[in-house]
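Letter by letter, the chains look like this.
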Amino acid sequence: MGLFSNQFANVVEWEEWNEEMVFWKWTNREIKKGSRLIIRPGQDAIFLYNGKIDGVFTEDGDYDIESEIIPFLSTLKGIKFGFNSGMRAEVLFVNTKEFLMKWGTQNPILIPTPQLPGGMPIRANGTYTFRVSDHTSLIENVAGVKNSYGVSDLRNRINPFIDQLLMKWITTEGKDMFNLQANASLIAAGIRKDLSYEISDTGMEITGFQVMSFNYPKEVQDMVTKTASQSMIGDIGRYQQVSMTDGMASGSMNGGGVASDMMGMMMGMNVAGQMMKNMNETMQQMGTMGAQGQNGGQSSVAPAASGTKPNFCPNCGQKTGEGNFCPNCGQKLL
């Protein structure tokens, strides 16, 4: 009895199709006379004989197996699907789309750093994408022993390696341990390359890998934030002034109190001291300008005529008054 005779026709299609499936195998059934092959968009159909590829069909559509598929296969491999063979065929349906996956470290990764002898505990998260790239490797190493393969299967294989590769590439490319985000693209590129090599035998490849964020322990993050604040302010004195201002604002919002009052007094004293310092610096600058004028510079204080007391001190620029010596710096005026 021939392979296609006296049997009911069937439809060869991906019966368990879903977006999270990488491939599904139609197997252990005879292809009957009048059967049809349905390939949907985003699918490849691979005909197998003894686990080997006989033909790959990538164009979506509805095909008559007897008149369109079998003649094509016969020209490739000889008449293996002859009408008197009675053999069973296998068809592997492959999802050709690019899959997007999320990842995150399951436990903190201890990155060696001189600042912390025990290592810097870091967490990270992001995404990666993958797709099927090699039908032969997929069939020989995965589909040969599985009837289906989902994204969860690949996730279970990949995720244990991500933590190890993060440690490797953070150590290699993490030039500033407290600002790893600045080198996130270099770290991600190294991980993508290594992961693609790790799964190359599956016929799949990692097409993209991204690190969305690095997360430090709260104590470390607080330290980084404080250091950044001091750097933006410029010097510790100004940082203390801002801190006191914040404390005063916080005290006023919480009803004030002795601590708030004391901080206000300290702030007032510091501000007054700073004002006096600024005034002294200004007077010294004026004195320097006066001395330059006396020595032939371009001072704004006019030199006095010989034997005449000047109206302004040639040393510091102070108005002279009635005395023969400057009331500010003691400079002799006559």
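Just so we're clear, the structure is a prediction, and the values are computed from it rather than from any experiment. Each chain has its residues counted from 1, following the order in which its sequence is written. The predicted origin of the model limits local features to residues at a pLDDT of at least 70 and limits the giving and counting of side-chain atom pairs to 80 or more, whereas totals for whole chains, interfaces and linings rest on all residues. Calculated side-chain values reflect all of the structure's heavy atoms, with hydrogen atoms and water omitted.

### Observations regarding the packing of helix 3 (residues 151-173) against helix 4 (residues 184-198)
Put simply, the rule is: The convention used is that axes are lines fitted to C-alpha atoms, helices contributing only their stretch in contact, and that angles between N-to-C directions extend from 0 to 180 degrees. Only DSSP runs of H or I with at least four residues qualify as helices, and only runs of E with at least two residues qualify as strands; both kinds are numbered from the N terminus onward. Reported orientations rely on four angle classes, namely roughly parallel under 35 degrees, roughly antiparallel over 145, roughly perpendicular from 65 to 115, and oblique for the rest. The sense of a crossing depends on the near helix, which, turned anticlockwise from the far helix by less than a right angle, makes the crossing left-handed and, turned clockwise, makes it right-handed. Contacts are residue-level and defined by heavy atoms, with any inter-residue pair within 4.5 Å sufficient. Any residue outside Ala, Val, Leu, Ile, Met, Phe, Trp, Tyr, Cys, Pro, Asp, Glu, Lys and Arg is labelled polar, Gly included; the first ten of those are nonpolar and the last four are charged.
One can describe the packing of helix 3 onto helix 4 by two numbers: an axis separation of 9 Å at closest approach and a directional angle of 140 degrees. Classified by the angle between their axes, helix 3 and helix 4 sit oblique to one another. In the crossing of helix 3 with helix 4, the sense of the turn from one axis to the other is right-handed. Residues R157, I158, F161, I162, L165, L166, K168, W169, I170 and E173 of helix 3 form the contact with helix 4, whose own contacting residues are L186, I187, G190, I191, D194, L195 and E198. Of the residues in the contact of helix 3 with helix 4, the class split is eleven nonpolar, one polar and five charged.

### Quick notes on the packing of aromatic side chains
Convention followed: Here a Phe, Tyr or Trp ring, Trp counted by its six-membered ring, pairs with any other such ring whose centre lies within 6.5 Å, and the pair is stacked when the planes are under 30 degrees apart, edge-to-face when over 60, and tilted otherwise. A 1.4 Å probe rolled over the protein chains alone gives each residue an accessible area, and that area as a share of the maximum for its type sets the label: buried under 20%, exposed over 50%, partly exposed in between.
Applying the stated rule across the entire model yields eight aromatic pairs. Judged by centre distance (5.0 Å) and plane angle (15 degrees), the ring pair of F99 and F130 falls under stacked. Here F99, found in strand 8 (residues 99-104), pairs with F130, found in strand 10 (residues 116-132); they are 31 residues apart in sequence, far enough to count as distant. The two residues F99 and F130 agree in class, both being buried. Ring centres of W103 and F209 lie 5.2 Å apart, and the angle between their planes is 20 degrees; on these two criteria the pair is classed as stacked.

### Here's the deal with the pairing of strand 10
As a reminder of what qualifies: For two strands to be treated as a pair, DSSP must find no fewer than two bridges joining them.
Pairing between strand 8 and strand 10: six bridges, direction antiparallel. Paired with M101 across the two strands is Y128, which belongs to strand 10. Two strands pair when backbone bridges link them, and strand 9 (residues 109-113) and strand 10 are joined in this way by four bridges, in the antiparallel orientation. Paired with I109 across the strands is I122, a residue of strand 10. Count of turn residues in the strand 9/strand 10 antiparallel hairpin: two residues. Pairing analysis gives ten bridges linking strand 10 to strand 12 (residues 204-215), with the strands arranged antiparallel. Note that in strand 12 the partner of R123 across the bridge is N215.

### Quick notes on the pattern of salt bridges
Where charged atoms of side chains with opposite charge meet at close range, the side chains can pair. What counts is decided by this rule: For salt bridges, the criterion is a side-chain nitrogen of Lys or Arg within 4 Å of an Asp or Glu carboxyl oxygen.
Throughout the structure, instances matching the rule amount to seven salt bridges. D62 serves as the salt-bridge partner of R36, at 2.7 Å between the closest nitrogen and oxygen. Linking R36 in strand 3 (residues 36-39) with D62 in strand 6 (residues 61-64), this pair joins segments that are 26 residues apart in sequence. One network of salt bridges, with partners in common, ties together R36, D62 and D64.

### A few points about the confidence of the model for the chain
Here is the rule: What pLDDT reports is the predictor's confidence in each residue, on a scale of 0 through 100.
Per-residue pLDDT for the chain averages 77, and the proportion of residues at 70 or more is 67%. Taken together, the stretch residues 1-6 has pLDDT below 50 and engages in 20 contacts with residues farther than four places along the chain or on a different chain. Counting interchain partners and residues more than four positions distant, the pLDDT-below-50 stretch residues 297-304 has nine contacts.

### Digging into the sheet that holds strand 3
The three strands lie next to each other as 1-3-6, forming an open sheet whose pairing is mixed. Two strands in the sheet have a free side with no partner beyond their single neighbour: strand 1 (11-12) and strand 6. In terms of strand pairing, strand 1 meets strand 3 through two bridges, oriented parallel. Across the sheet, V11 pairs through a bridge with R36, a residue of strand 3.

### Details of the pairing of strand 7 (residues 89-95)
Counting buried positions over the seven residues of strand 7 gives six, a clear majority of the element. Bridge analysis of strand 4 (residues 43-49) against strand 7 gives six bridges, and the strand direction is antiparallel. For D44, the partnering residue across the bridge sits in strand 7 and is V94.

### Quick look at the environment of D62
To be explicit about the condition: In protein, a polar contact means a hydrogen-donor-capable atom and an acceptor-capable atom, both N or O and within 3.5 Å, with residues adjacent in sequence counting only if both atoms are side-chain atoms; elsewhere, any N or O pair within 3.5 Å suffices.
Looking at D62, the relative accessible area reads 45%, which means it is partly exposed. The spacing of D62 and V12 is 50 residues in sequence and 9.9 Å in space, taken between C-alpha atoms. When residues no more than four places from it in sequence are discounted, the contact partners of D62 are R36, L37, I38 and E68. In this structure the side chain of D62 is engaged in a polar contact, spanning 2.7 Å, whose partner is the side chain of R36.

### Some points on the environment of W24
On the secondary structure map, W24 appears in strand 2 (residues 21-29). Placed 71 residues apart in sequence, W24 and N95 show a C-alpha to C-alpha distance of 8.6 Å. For W24, the side chain forms a polar contact with the side chain of E16, separated by 3.5 Å.

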